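Summary of structural features
Listed here are the chains, written in short residue letters.
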Amino acid sequence: MTERPIPVHVGSEAPARWSEIEELQRKFGNKANQWLRDKRRPAVARDDLDWTSHGLEPRWVGLDTADCAAAIAPSAFHGQGADEFDRFRESAANRGEVAMVISPIGGEEDDPRTISLFRKDASVILGHMDSSIVGRRLGLGANVRAAEDIRDADRQLALRLASLNPAPQWHTLTIAGAKLVQASGQSPDHPPQGTLIPIVETELGEPVVGVWISPDGVERRYIVPADAPWPQLLSWLTEQALPEFVPGAMQRARRHLASDPALMTRRERDVRHALADLEVDYRARKSSLTEELIAAQEAATSIREGLLYGTGARLVEAVKTVFESASIAVVDVDEMLGDTKNADLLCTFAGTSVLVEVKAASGNAPERAYEDLVRHLREWAHLPASPQIVGGALVVNHQIRKPPQERSIQPYARPEFLAAQTEPIVTTLELLHAWRENDWSSVRSLLFGEQPTFRRAERVRPQQEETAGVAPTKRKRGWFWRRS
(Lines give C-alpha, C1' and ligand atoms only; values in the text may rest on other atoms or scores of the structure.)
Protein backbone atom coordinates (compact mmCIF):
# COMPACT_ATOMS: atom_id res chain seq x y z
CA MET A 1 0.00 0.00 0.00
CA THR A 2 1.37 3.41 -1.01
CA GLU A 3 1.36 6.24 1.53
CA ARG A 4 -0.74 9.23 0.55
CA PRO A 5 0.24 12.87 1.12
CA ILE A 6 -1.52 14.53 4.04
CA PRO A 7 -3.54 17.57 2.90
CA VAL A 8 -3.04 20.75 4.93
CA HIS A 9 -4.64 24.16 4.46
CA VAL A 10 -2.15 27.02 3.94
CA GLY A 11 -3.51 30.53 4.41
CA SER A 12 -1.66 32.00 1.45
CA GLU A 13 -1.86 32.14 -2.31
CA ALA A 14 0.24 29.54 -4.14
CA PRO A 15 3.95 30.19 -4.79
CA ALA A 16 3.26 30.51 -8.53
CA ARG A 17 0.84 33.36 -7.83
CA TRP A 18 3.43 35.08 -5.65
CA SER A 19 5.95 34.80 -8.47
CA GLU A 20 3.48 36.60 -10.74
CA ILE A 21 2.96 39.34 -8.14
CA GLU A 22 6.70 39.83 -7.69
CA GLU A 23 7.17 40.03 -11.45
CA LEU A 24 4.53 42.77 -11.60
CA GLN A 25 6.28 44.64 -8.76
CA ARG A 26 9.54 44.55 -10.69
CA LYS A 27 7.80 45.60 -13.90
CA PHE A 28 5.93 48.61 -12.54
CA GLY A 29 8.26 49.60 -9.70
CA ASN A 30 7.20 52.89 -8.09
CA LYS A 31 4.37 53.23 -10.58
CA ALA A 32 2.55 50.22 -9.08
CA ASN A 33 -0.53 50.93 -7.01
CA GLN A 34 -0.37 50.80 -3.23
CA TRP A 35 -1.93 47.31 -3.04
CA LEU A 36 0.72 45.85 -5.30
CA ARG A 37 3.61 47.63 -3.56
CA ASP A 38 2.52 46.36 -0.15
CA LYS A 39 2.30 42.70 -1.14
CA ARG A 40 5.01 40.51 0.47
CA ARG A 41 5.46 36.80 -0.05
CA PRO A 42 5.14 34.99 3.32
CA ALA A 43 7.84 32.51 4.29
CA VAL A 44 5.35 29.64 4.09
CA ALA A 45 4.91 30.32 0.34
CA ARG A 46 8.58 30.22 -0.60
CA ASP A 47 9.45 28.20 -3.70
CA ASP A 48 12.15 26.20 -1.91
CA LEU A 49 9.87 24.90 0.88
CA ASP A 50 9.59 21.19 0.03
CA TRP A 51 6.17 20.03 1.22
CA THR A 52 6.49 16.64 -0.48
CA SER A 53 9.56 15.66 1.55
CA HIS A 54 7.41 16.02 4.69
CA GLY A 55 4.59 13.98 3.19
CA LEU A 56 2.27 16.99 2.94
CA GLU A 57 0.03 18.38 0.22
CA PRO A 58 -0.52 22.14 0.58
CA ARG A 59 -4.04 23.39 -0.13
CA TRP A 60 -3.64 27.07 -0.90
CA VAL A 61 -6.29 29.79 -0.73
CA GLY A 62 -8.97 28.93 -3.23
CA LEU A 63 -8.69 25.14 -2.85
CA ASP A 64 -11.05 22.89 -0.89
CA THR A 65 -10.00 22.23 2.70
CA ALA A 66 -12.68 19.83 3.97
CA ASP A 67 -10.29 16.87 4.24
CA CYS A 68 -7.27 18.79 5.54
CA ALA A 69 -5.52 17.53 8.68
CA ALA A 70 -4.07 20.90 9.78
CA ALA A 71 -4.03 24.60 8.95
CA ILE A 72 -0.76 26.47 8.40
CA ALA A 73 -0.68 30.27 8.92
CA PRO A 74 -4.43 30.70 8.31
CA SER A 75 -5.92 34.12 7.66
CA ALA A 76 -8.94 35.63 9.42
CA PHE A 77 -9.72 38.03 6.56
CA HIS A 78 -12.42 37.43 3.97
CA GLY A 79 -11.07 36.62 0.51
CA GLN A 80 -7.64 35.77 1.92
CA GLY A 81 -8.36 32.33 3.38
CA ALA A 82 -10.93 32.91 6.13
CA ASP A 83 -13.57 30.87 4.33
CA GLU A 84 -11.16 28.01 3.67
CA PHE A 85 -10.12 27.97 7.33
CA ASP A 86 -13.73 27.92 8.55
CA ARG A 87 -14.46 24.94 6.26
CA PHE A 88 -11.40 23.10 7.55
CA ARG A 89 -12.36 23.73 11.19
CA GLU A 90 -16.00 22.71 10.68
CA SER A 91 -14.97 19.48 8.92
CA ALA A 92 -12.55 18.57 11.74
CA ALA A 93 -15.31 19.12 14.31
CA ASN A 94 -17.72 16.92 12.30
CA ARG A 95 -15.16 14.10 12.25
CA GLY A 96 -14.58 14.48 15.97
CA GLU A 97 -10.94 15.41 15.36
CA VAL A 98 -8.72 18.16 16.69
CA ALA A 99 -8.29 21.10 14.31
CA MET A 100 -4.49 21.46 14.36
CA VAL A 101 -3.28 25.00 13.55
CA ILE A 102 0.17 26.60 13.39
CA SER A 103 0.14 30.42 13.44
CA PRO A 104 3.29 32.54 13.21
CA ILE A 105 3.42 35.76 15.22
CA GLY A 106 5.52 38.79 14.38
CA GLY A 107 7.46 39.51 11.22
CA GLU A 108 5.77 40.33 7.95
CA GLU A 109 2.98 37.84 8.66
CA ASP A 110 1.56 40.23 11.27
CA ASP A 111 -1.20 42.10 9.42
CA PRO A 112 -0.82 45.89 9.85
CA ARG A 113 -4.61 46.31 9.69
CA THR A 114 -5.04 44.62 13.06
CA ILE A 115 -6.29 47.15 15.63
CA SER A 116 -5.96 46.64 19.38
CA LEU A 117 -6.26 48.79 22.45
CA PHE A 118 -3.31 46.92 23.95
CA ARG A 119 0.31 47.97 23.49
CA LYS A 120 1.83 45.24 21.40
CA ASP A 121 4.27 44.39 18.63
CA ALA A 122 2.35 41.56 16.93
CA SER A 123 -0.93 39.68 17.03
CA VAL A 124 -2.81 36.62 15.80
CA ILE A 125 -6.58 36.96 15.33
CA LEU A 126 -8.48 33.89 16.57
CA GLY A 127 -11.18 33.63 13.92
CA HIS A 128 -14.71 34.37 15.20
CA MET A 129 -13.74 34.21 18.89
CA ASP A 130 -13.59 38.01 19.43
CA SER A 131 -10.12 37.38 20.87
CA SER A 132 -6.54 37.48 19.72
CA ILE A 133 -3.10 36.42 20.85
CA VAL A 134 -0.98 39.53 21.29
CA GLY A 135 2.79 39.49 21.51
CA ARG A 136 5.21 41.98 23.02
CA ARG A 137 8.66 41.86 21.47
CA LEU A 138 11.53 40.73 23.71
CA GLY A 139 15.06 42.04 23.43
CA LEU A 140 17.71 39.99 21.69
CA GLY A 141 19.51 37.35 23.74
CA ALA A 142 16.53 36.45 25.93
CA ASN A 143 16.96 33.12 27.72
CA VAL A 144 14.11 30.67 27.13
CA ARG A 145 13.41 27.11 28.20
CA ALA A 146 10.89 24.33 27.67
CA ALA A 147 7.88 24.66 29.91
CA GLU A 148 7.21 22.04 32.57
CA ASP A 149 4.50 19.37 32.44
CA ILE A 150 3.88 19.37 28.68
CA ARG A 151 3.00 16.35 26.54
CA ASP A 152 5.32 14.44 24.23
CA ALA A 153 4.65 16.30 20.98
CA ASP A 154 4.65 19.66 22.75
CA ARG A 155 7.94 18.86 24.45
CA GLN A 156 9.50 17.93 21.11
CA LEU A 157 8.37 21.26 19.67
CA ALA A 158 9.81 23.08 22.69
CA LEU A 159 13.15 21.34 22.28
CA ARG A 160 13.32 22.16 18.59
CA LEU A 161 12.49 25.85 18.98
CA ALA A 162 14.34 26.61 22.22
CA SER A 163 17.59 25.26 20.75
CA LEU A 164 17.45 27.19 17.46
CA ASN A 165 20.68 28.97 16.56
CA PRO A 166 20.36 31.80 15.81
CA ALA A 167 17.40 32.24 18.11
CA PRO A 168 14.20 33.61 16.57
CA GLN A 169 12.61 36.91 17.57
CA TRP A 170 10.65 36.03 20.70
CA HIS A 171 7.37 37.68 21.76
CA THR A 172 5.72 37.21 25.14
CA LEU A 173 2.20 35.96 24.52
CA THR A 174 -1.13 36.84 26.15
CA ILE A 175 -4.81 36.44 25.20
CA ALA A 176 -6.66 39.69 24.61
CA GLY A 177 -10.39 40.23 24.34
CA ALA A 178 -12.09 42.64 21.95
CA LYS A 179 -13.96 45.92 22.23
CA LEU A 180 -16.65 46.13 19.56
CA VAL A 181 -18.11 49.49 18.63
CA GLN A 182 -21.84 49.21 17.85
CA ALA A 183 -24.05 51.58 15.85
CA SER A 184 -25.63 52.76 19.10
CA GLY A 185 -22.26 54.01 20.22
CA GLN A 186 -21.90 51.42 22.98
CA SER A 187 -18.59 49.53 23.21
CA PRO A 188 -19.11 46.28 25.09
CA ASP A 189 -15.97 44.45 26.15
CA HIS A 190 -15.56 40.80 25.19
CA PRO A 191 -13.34 38.96 27.66
CA PRO A 192 -10.52 36.74 26.35
CA GLN A 193 -11.69 33.31 25.25
CA GLY A 194 -9.92 29.98 25.35
CA THR A 195 -6.79 28.88 27.19
CA LEU A 196 -3.16 29.58 26.37
CA ILE A 197 -0.75 26.84 27.51
CA PRO A 198 3.00 27.71 27.57
CA ILE A 199 5.30 25.52 25.45
CA VAL A 200 8.48 27.63 25.61
CA GLU A 201 8.82 30.30 28.28
CA THR A 202 11.23 32.90 29.63
CA GLU A 203 12.95 32.67 33.00
CA LEU A 204 10.04 34.73 34.36
CA GLY A 205 7.54 32.14 33.17
CA GLU A 206 6.25 34.26 30.26
CA PRO A 207 5.16 32.11 27.29
CA VAL A 208 6.95 32.83 24.00
CA VAL A 209 5.60 29.71 22.28
CA GLY A 210 2.18 28.46 23.31
CA VAL A 211 -0.82 26.41 22.29
CA TRP A 212 -4.24 28.05 22.40
CA ILE A 213 -7.19 25.73 23.08
CA SER A 214 -10.54 27.04 21.86
CA PRO A 215 -13.49 27.13 24.31
CA ASP A 216 -15.23 24.30 22.41
CA GLY A 217 -12.07 22.17 22.52
CA VAL A 218 -12.00 21.75 18.73
CA GLU A 219 -9.09 24.00 17.84
CA ARG A 220 -5.50 23.47 18.98
CA ARG A 221 -3.54 26.46 17.70
CA TYR A 222 0.24 26.69 18.15
CA ILE A 223 1.65 30.23 18.26
CA VAL A 224 5.27 30.21 17.06
CA PRO A 225 7.81 32.93 16.10
CA ALA A 226 7.41 34.12 12.52
CA ASP A 227 11.08 33.46 11.76
CA ALA A 228 11.06 29.89 13.08
CA PRO A 229 12.15 27.62 10.19
CA TRP A 230 9.15 26.05 8.48
CA PRO A 231 10.99 22.79 7.59
CA GLN A 232 11.41 22.14 11.32
CA LEU A 233 7.77 22.94 12.02
CA LEU A 234 6.45 20.77 9.19
CA SER A 235 8.70 17.90 10.24
CA TRP A 236 7.36 18.17 13.79
CA LEU A 237 3.79 18.29 12.47
CA THR A 238 4.04 14.99 10.59
CA GLU A 239 6.36 13.16 12.98
CA GLN A 240 4.96 14.13 16.38
CA ALA A 241 1.89 16.37 16.35
CA LEU A 242 -0.46 14.62 13.92
CA PRO A 243 0.28 11.08 15.22
CA GLU A 244 -0.50 12.26 18.77
CA PHE A 245 -3.44 14.62 18.24
CA VAL A 246 -4.96 13.66 14.86
CA PRO A 247 -4.30 9.92 14.41
CA GLY A 248 -7.26 9.68 12.01
CA ALA A 249 -5.35 11.82 9.50
CA MET A 250 -2.43 9.42 9.67
CA GLN A 251 -4.76 6.47 9.06
CA ARG A 252 -6.34 8.14 6.03
CA ALA A 253 -2.86 8.70 4.64
CA ARG A 254 -1.89 5.12 5.61
CA ARG A 255 0.85 6.51 7.86
CA HIS A 256 -0.54 4.77 10.92
CA LEU A 257 1.11 1.52 9.89
CA ALA A 258 4.51 3.05 10.62
CA SER A 259 3.54 5.43 13.42
CA ASP A 260 1.14 3.34 15.53
CA PRO A 261 3.13 1.86 18.46
CA ALA A 262 0.74 -1.10 18.52
CA LEU A 263 1.93 -2.02 15.00
CA MET A 264 5.65 -1.24 15.36
CA THR A 265 8.41 -3.81 15.51
CA ARG A 266 10.63 -3.94 18.56
CA ARG A 267 13.44 -2.28 16.60
CA GLU A 268 11.15 0.56 15.48
CA ARG A 269 10.02 1.13 19.05
CA ASP A 270 13.58 1.03 20.39
CA VAL A 271 14.90 3.48 17.80
CA ARG A 272 11.91 5.79 18.27
CA HIS A 273 12.46 5.87 22.03
CA ALA A 274 16.21 6.33 21.56
CA LEU A 275 15.61 9.35 19.33
CA ALA A 276 13.23 10.88 21.85
CA ASP A 277 15.74 10.30 24.67
CA LEU A 278 18.53 11.76 22.55
CA GLU A 279 16.64 15.01 22.04
CA VAL A 280 15.86 15.27 25.75
CA ASP A 281 19.50 14.51 26.67
CA TYR A 282 20.74 17.02 24.11
CA ARG A 283 18.56 19.74 25.56
CA ALA A 284 19.65 18.94 29.12
CA ARG A 285 23.33 18.79 28.12
CA LYS A 286 23.07 22.04 26.19
CA SER A 287 21.41 23.74 29.14
CA SER A 288 24.16 22.52 31.48
CA LEU A 289 26.95 23.65 29.15
CA THR A 290 25.25 27.00 28.62
CA GLU A 291 25.15 27.57 32.37
CA GLU A 292 28.84 26.60 32.62
CA LEU A 293 29.72 29.02 29.83
CA ILE A 294 27.81 31.86 31.47
CA ALA A 295 29.56 31.20 34.79
CA ALA A 296 32.97 31.07 33.07
CA GLN A 297 32.29 34.31 31.21
CA GLU A 298 31.15 36.08 34.37
CA ALA A 299 34.31 34.97 36.19
CA ALA A 300 36.59 36.00 33.33
CA THR A 301 35.00 39.25 32.21
CA SER A 302 36.20 41.48 35.05
CA ILE A 303 39.78 40.21 34.76
CA ARG A 304 39.89 40.30 30.95
CA GLU A 305 38.38 43.79 30.72
CA GLY A 306 40.53 44.98 33.61
CA LEU A 307 43.75 43.83 31.90
CA LEU A 308 42.78 45.24 28.50
CA TYR A 309 40.95 48.45 29.38
CA GLY A 310 41.43 49.01 33.10
CA THR A 311 43.10 51.99 34.73
CA GLY A 312 43.87 52.85 38.33
CA ALA A 313 42.49 50.54 41.02
CA ARG A 314 40.58 48.41 38.48
CA LEU A 315 43.79 47.59 36.61
CA VAL A 316 45.72 46.90 39.81
CA GLU A 317 42.99 44.53 41.03
CA ALA A 318 43.04 42.58 37.74
CA VAL A 319 46.84 42.24 37.82
CA LYS A 320 46.69 41.19 41.48
CA THR A 321 44.11 38.47 40.69
CA VAL A 322 46.27 37.03 37.89
CA PHE A 323 49.35 36.92 40.12
CA GLU A 324 47.43 35.24 42.94
CA SER A 325 46.11 32.65 40.47
CA ALA A 326 49.76 31.81 39.75
CA SER A 327 50.36 31.09 43.49
CA ILE A 328 52.20 34.38 43.97
CA ALA A 329 51.62 36.00 47.35
CA VAL A 330 50.51 39.58 46.74
CA VAL A 331 50.31 42.46 49.23
CA ASP A 332 48.79 45.83 48.44
CA VAL A 333 51.60 48.26 49.24
CA ASP A 334 49.25 51.17 49.96
CA GLU A 335 47.41 49.09 52.56
CA MET A 336 50.69 47.83 54.05
CA LEU A 337 52.16 51.33 54.40
CA GLY A 338 48.87 53.09 55.09
CA ASP A 339 49.71 55.62 52.41
CA THR A 340 50.49 55.96 48.68
CA LYS A 341 54.21 56.37 49.25
CA ASN A 342 55.56 53.66 46.96
CA ALA A 343 54.69 51.07 44.32
CA ASP A 344 51.38 49.21 43.97
CA LEU A 345 52.09 45.57 44.83
CA LEU A 346 54.64 43.51 46.75
CA CYS A 347 54.83 40.06 45.14
CA THR A 348 56.53 37.03 46.69
CA PHE A 349 57.21 33.56 45.31
CA ALA A 350 59.58 30.88 46.65
CA GLY A 351 60.97 33.32 49.22
CA THR A 352 61.77 36.03 46.66
CA SER A 353 59.98 39.40 46.74
CA VAL A 354 59.71 42.12 44.11
CA LEU A 355 57.94 45.47 43.91
CA VAL A 356 55.44 45.88 41.09
CA GLU A 357 54.40 49.19 39.62
CA VAL A 358 51.13 49.08 37.62
CA LYS A 359 50.45 51.80 35.04
CA ALA A 360 47.98 52.48 32.23
CA ALA A 361 48.33 54.72 29.19
CA SER A 362 45.82 55.63 26.51
CA GLY A 363 48.66 55.89 24.00
CA ASN A 364 52.24 54.69 24.04
CA ALA A 365 53.71 53.80 27.43
CA PRO A 366 55.46 56.87 28.97
CA GLU A 367 59.05 56.43 30.13
CA ARG A 368 58.20 58.20 33.37
CA ALA A 369 56.22 55.12 34.40
CA TYR A 370 59.45 53.15 34.45
CA GLU A 371 61.21 56.04 36.19
CA ASP A 372 58.58 55.84 38.96
CA LEU A 373 59.44 52.18 39.48
CA VAL A 374 63.17 52.94 39.72
CA ARG A 375 62.51 55.76 42.19
CA HIS A 376 60.31 53.52 44.36
CA LEU A 377 62.98 50.82 44.40
CA ARG A 378 65.56 53.40 45.52
CA GLU A 379 63.28 54.65 48.31
CA TRP A 380 62.09 51.20 49.45
CA ALA A 381 65.04 50.46 51.74
CA HIS A 382 64.44 53.72 53.63
CA LEU A 383 60.83 52.91 54.51
CA PRO A 384 60.27 51.62 58.05
CA ALA A 385 59.80 47.85 58.42
CA SER A 386 59.91 47.28 54.66
CA PRO A 387 60.59 43.63 53.68
CA GLN A 388 63.69 42.84 51.68
CA ILE A 389 63.28 42.74 47.92
CA VAL A 390 65.49 41.77 45.00
CA GLY A 391 64.10 44.24 42.49
CA GLY A 392 60.93 45.25 40.80
CA ALA A 393 58.82 45.08 37.66
CA LEU A 394 56.63 47.47 35.69
CA VAL A 395 53.26 46.15 34.49
CA VAL A 396 51.87 48.46 31.82
CA ASN A 397 48.54 48.53 30.00
CA HIS A 398 49.32 50.72 26.99
CA GLN A 399 47.41 51.90 23.92
CA ILE A 400 44.08 51.10 25.60
CA ARG A 401 42.17 53.13 22.99
CA LYS A 402 43.14 50.57 20.35
CA PRO A 403 41.67 47.07 19.98
CA PRO A 404 43.96 44.51 21.66
CA GLN A 405 44.96 42.99 18.29
CA GLU A 406 46.25 46.36 17.06
CA ARG A 407 48.45 47.21 20.06
CA SER A 408 52.22 47.06 19.75
CA ILE A 409 53.90 44.06 21.35
CA GLN A 410 56.68 46.14 22.92
CA PRO A 411 55.58 49.15 25.02
CA TYR A 412 58.92 50.95 24.54
CA ALA A 413 61.08 51.31 21.43
CA ARG A 414 63.72 54.03 22.04
CA PRO A 415 67.12 52.25 21.89
CA GLU A 416 68.76 54.42 24.59
CA PHE A 417 65.92 53.65 26.99
CA LEU A 418 66.05 49.93 26.30
CA ALA A 419 69.82 49.89 26.83
CA ALA A 420 69.43 51.55 30.24
CA GLN A 421 66.58 49.24 31.36
CA THR A 422 67.47 47.13 34.41
CA GLU A 423 64.05 45.96 35.61
CA PRO A 424 61.49 43.77 33.79
CA ILE A 425 58.67 45.44 31.88
CA VAL A 426 55.53 43.31 31.50
CA THR A 427 52.56 44.20 29.32
CA THR A 428 49.03 43.28 30.34
CA LEU A 429 48.73 41.51 26.99
CA GLU A 430 51.45 39.11 28.11
CA LEU A 431 49.63 38.53 31.38
CA LEU A 432 46.33 38.02 29.53
CA HIS A 433 47.68 35.36 27.18
CA ALA A 434 49.34 33.42 30.02
CA TRP A 435 46.27 33.77 32.27
CA ARG A 436 43.71 32.58 29.70
CA GLU A 437 45.77 29.41 29.10
CA ASN A 438 46.31 28.81 32.84
CA ASP A 439 50.05 29.04 32.12
CA TRP A 440 51.05 29.98 35.64
CA SER A 441 54.76 29.21 35.21
CA SER A 442 54.89 31.86 32.46
CA VAL A 443 53.17 34.36 34.76
CA ARG A 444 55.77 33.71 37.46
CA SER A 445 58.66 33.90 35.00
CA LEU A 446 57.61 37.38 33.96
CA LEU A 447 58.48 38.53 37.50
CA PHE A 448 60.98 36.02 38.88
CA GLY A 449 62.77 34.47 35.92
CA GLU A 450 62.32 31.45 33.69
CA GLN A 451 63.17 28.79 36.30
CA PRO A 452 60.77 28.23 39.22
CA THR A 453 63.64 27.83 41.72
CA PHE A 454 65.49 30.93 40.54
CA ARG A 455 66.13 33.71 43.04
CA ARG A 456 67.62 37.06 42.17
CA ALA A 457 70.28 38.43 44.50
CA GLU A 458 68.66 40.36 47.32
CA ARG A 459 68.91 44.10 47.47
CA VAL A 460 70.83 45.00 50.64
CA ARG A 461 69.89 48.04 52.59
CA PRO A 462 72.59 50.78 52.60
CA GLN A 463 72.95 50.64 56.38
CA GLN A 464 73.49 46.87 56.18
CA GLU A 465 76.29 47.40 53.64
CA GLU A 466 77.99 49.91 55.91
CA THR A 467 77.73 47.56 58.90
CA ALA A 468 79.40 44.85 56.89
CA GLY A 469 82.23 47.23 55.97
CA VAL A 470 81.23 47.35 52.34
CA ALA A 471 80.80 50.65 50.57
CA PRO A 472 77.42 50.96 48.84
CA THR A 473 77.72 50.31 45.13
CA LYS A 474 75.35 50.92 42.28
CA ARG A 475 74.89 47.63 40.42
CA LYS A 476 73.31 47.34 37.02
CA ARG A 477 71.41 44.18 36.22
CA GLY A 478 69.58 42.93 33.20
CA TRP A 479 66.15 41.39 32.87
CA PHE A 480 66.98 38.35 35.00
CA TRP A 481 69.77 37.65 37.46
CA ARG A 482 71.00 34.11 38.00
CA ARG A 483 73.10 32.78 40.82
CA SER A 484 76.57 31.75 39.72
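Preceding this section is the structure that the text describes.
Residues numbered from 1 in each chain as written. Predicted model: local features only at pLDDT ≥ 70, side-chain atom pairs only at ≥ 80, totals over all residues. Heavy atoms only, no water.

Let's talk about the sheet that holds strand S13 (residues 219–225)
On the basis of which strands lie adjacent, the open sheet formed by 8 strands has the order S2-S1-S3-S4-S13-S12-S11-S7 and mixed pairing. In this open sheet, the two strands that pair with only one neighbour each are strand S2 (56–59) and strand S7 (144–146). On average, each strand axis in the sheet is tilted by 30° relative to the strand beside it, whichever way the strands run. With 4 bridges connecting them, strand S12 (residues 207–213) and S13 associate as antiparallel partners. Following the sheet pairing, Trp-212 is matched in S13 by Arg-221. (Pairing = 2+ DSSP bridges. Helix = DSSP H or I, 4+ residues; strand = E, 2+ residues; numbered from the N terminus. Axes fitted to C-alpha atoms, helices over the stretch in contact; angles between N-to-C directions.)

Quick look at the pairing of S13
Extensive coverage of S13 is indicated by the burial of 7 of its 7 residues. In this structure, strand S4 (residues 99–105) lies alongside S13, joined through 7 bridges in parallel fashion. Each bridged residue has a counterpart across the sheet, and for Ile-105 the counterpart in S13 is Pro-225. Adjacent in sequence and paired antiparallel, S12 and S13 are bridged by 5 residues, among which Gly-217 carries a positive phi angle near 75°. (Buried < 20%, exposed > 50% of the residue type's maximum accessible area, 1.4 Å probe, protein only.)

Thoughts on the nonpolar core
Counting 51 residues, the largest nonpolar core has Trp-51, Ile-72, Met-100, Leu-161, Trp-236 and Leu-237 as its most contacted members. When residues in this core are grouped by element, the largest group, 8 residues, is from helix H5 (residues 230–245). Not counting the four nearest positions on each side in its chain, Leu-161 is found in contact with Pro-168, Trp-170, Val-209, Val-224, Pro-225, Ala-228 and Leu-233. Ranked by size, the runner-up nonpolar core spans 32 residues in total, among them Ala-326, Leu-431, Leu-447 and Phe-448. (Core = buried A, V, L, I, M, F, W, Y, C linked by side-chain atoms within 4.5 Å. Contact = heavy atoms within 4.5 Å.)

A look at a nonpolar patch on the surface
A surface patch of nonpolar side chains, about 280 Å² in accessible area, is lined by Val-271, Leu-275 and Leu-278. Tracing the backbone through its elements, the reader meets Val-271 in helix H8 (residues 266–309). By relative accessible area, Val-271 is classed as partly exposed at 38%. (Patch = residues over 30% accessible without salt bridge, like charges linked within 9 Å, V, L, I, M, F, W, Y side chains within 5 Å. Areas by Shrake-Rupley, 256 points an atom, 1.4 Å probe, with all protein chains shown as cover. Salt bridge = Lys/Arg side-chain N within 4 Å of Asp/Glu carboxyl O.)

Some details on the pattern of salt bridges
Think of it this way: side chains of opposite charge can pair up when their charged atoms draw near. Applying the stated criterion across every chain yields a total of 27 salt bridges. Salt-bridge contacts for Glu-324 lead to Lys-320; the nearest nitrogen and oxygen are separated by 2.8 Å. Here Glu-324 and its partner Lys-320 are both found in helix H9 (residues 312–325), 4 residues apart, which amounts to about one turn of the helix. With its nearest N and O atoms 3.4 Å apart, the salt bridge here joins Lys-359 to Glu-357. Bridged by salt links that share partners, the residues Glu-357, Lys-359, Asp-372, Arg-375 and Glu-379 form one connected network.

Observations regarding the packing of aromatic side chains
Inspection of every chain in the model, using the stated rule, returns 6 aromatic pairs. The interplanar angle of 45° and the centroid separation of 5.9 Å between the aromatic rings of Phe-85 and Phe-88 together place this pair among those described as tilted. Separated by 3 residues within a single helix, Phe-85 and Phe-88 lie in helix H3 (residues 82–95), roughly one turn from each other. Phe-88 sits in the buried class, given a relative accessible area of 0%. Between Tyr-222 and Trp-236, the aromatic rings sit 5.0 Å apart at their centres with planes inclined by 75°, giving edge-to-face as the arrangement. Of this pair, Tyr-222 sits in strand S13 while Trp-236 sits in helix H5, and the two are 14 residues apart along the sequence. A connected cluster of aromatic rings, assembled from ring pairs, spans Tyr-370, Tyr-412 and Phe-417. (Phe/Tyr/Trp six-rings, centres within 6.5 Å; stacked < 30°, edge-to-face > 60°.)

Describing the packing of H8 against H9
Packing of H8 against H9 brings their axes to within 8 Å, and their N-to-C directions diverge by 120°. When the axes of H8 and H9 are compared, the pair comes out oblique. Here H8 runs over H9; the crossing is left-handed. For the pair H8 and H9, the contacting residues are Ile-303, Glu-305, Gly-306, Leu-307 and Tyr-309 in the first and Arg-314, Leu-315, Ala-318, Val-319, Thr-321 and Val-322 in the second. Within the contact of H8 with H9, the residues separate by chemical class into 7 nonpolar, 2 polar and 2 charged. (Parallel < 35°, antiparallel > 145°, perpendicular 65-115°, else oblique. Left-handed = near helix turned anticlockwise from the far one by under 90°. Nonpolar A, V, L, I, M, F, W, Y, C, P; charged D, E, K, R; others polar.)

Distances and angles like these do not, on their own, reveal function.
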